[in-house]
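Understanding the architecture of this molecule
Single-letter residue listing:
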Amino acid sequence: MIIAGSGMMTGGRIKHHLKHNVWRKECSLVVVGYQAEGTLGRRIVDGEREIKIFEQTFRVSASVHTIGGFSSHAGRDDLLGWLKKTGRPTHAFLVPGEEAALRAFAEKIESGGLAGKAHVPAMNEGFTL
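Below you will find a few notes about this structure. (Residues numbered from 1 in each chain as written. Predicted model: local features only at pLDDT ≥ 70, side-chain atom pairs only at ≥ 80, totals over all residues. Heavy atoms only, no water.)

In this description, an aromatic ring pair is defined by two values, namely the gap between the centres and the angle between the planes. Per the counting criterion, the structure on display carries one aromatic pair. Ring plane angle 65 degrees and centroid distance 4.7 Å describe the contact between Phe-93 and Phe-127, whose orientation is recorded as edge-to-face. Placement of Phe-93 in strand β5 (residues 91–93) and of Phe-127 in the segment after β6 (117–119) is noted, with a sequence separation of 34 residues between them. Overall, the relative accessible area of 33% leaves Phe-93 in the partly exposed class. Exposure remark for Phe-127: the relative accessible area of 37% places this residue in the partly exposed category. Here the guanidinium or amino end of Lys-15 rests over the ring plane of Phe-54, the centre of that ring lying 5.2 Å away. (Phe/Tyr/Trp six-rings, centres within 6.5 Å; stacked < 30°, edge-to-face > 60°. Helix = DSSP H or I, 4+ residues; strand = E, 2+ residues; numbered from the N terminus. Buried < 20%, exposed > 50% of the residue type's maximum accessible area, 1.4 Å probe, protein only. Lys NZ or Arg CZ within 6 Å of the ring centre and 35° of its normal.)

Structurally, Lys-15 is set in helix α1 (residues 13–21). Despite its burial, Lys-15 pairs with no opposite charge, the nearest such side chain being Glu-55 at 7.8 Å. What Lys-15 contacts, discounting residues up to four positions off in sequence, is Met-9, Thr-10, Ile-53 and Phe-54. (Lys, Arg positive; Asp, Glu negative; His and termini not counted. Salt bridge = Lys/Arg side-chain N within 4 Å of Asp/Glu carboxyl O. Contact = heavy atoms within 4.5 Å.)

Attention now goes to unusual backbone geometry. The omega torsion of the bond from Val-95 to Pro-96 falls at -15 degrees, within 30 degrees of zero and hence cis. Within the fold, Pro-96 resides in the loop between β5 and α4 (99–111). Its identity is not glycine, yet Met-9 carries a phi of approximately 65 degrees, on the positive side. Residue classification places Met-9 among the buried positions, given a relative accessible area of 6%. One non-glycine residue with positive phi stands out, namely Phe-54, at about 50 degrees. By the secondary structure assignment, Phe-54 is in the loop between β2 (50–53) and β3 (56–59).

Below, the structure is given as structure tokens:
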């Protein structure tokens, strides 16, 4: 068993472990964390059969398993509870996550009066505070 951290398999030692094992059908890859859209981890979890690591293409022959419920981030209810205690900030910036979920969360924050504006920033969008 190898335990290797890199949230979404985008860098670090996990890429080396994948390079040496993801093509081996006798291996299993167990993913316990959230995998954001567009990341290597998400592509593997979603069933992509060929991946690129260090400019080499590998066939995903290892069995892929996911275990939900593990996260280093607070959940929706925890975040709403925290916002209720902050005294209604003028702006809440919502990152990271899936865009649809973030937009629904922004709506919940605004309709509940928990922040003046809940904003889901676009890639490379800037703000003056």
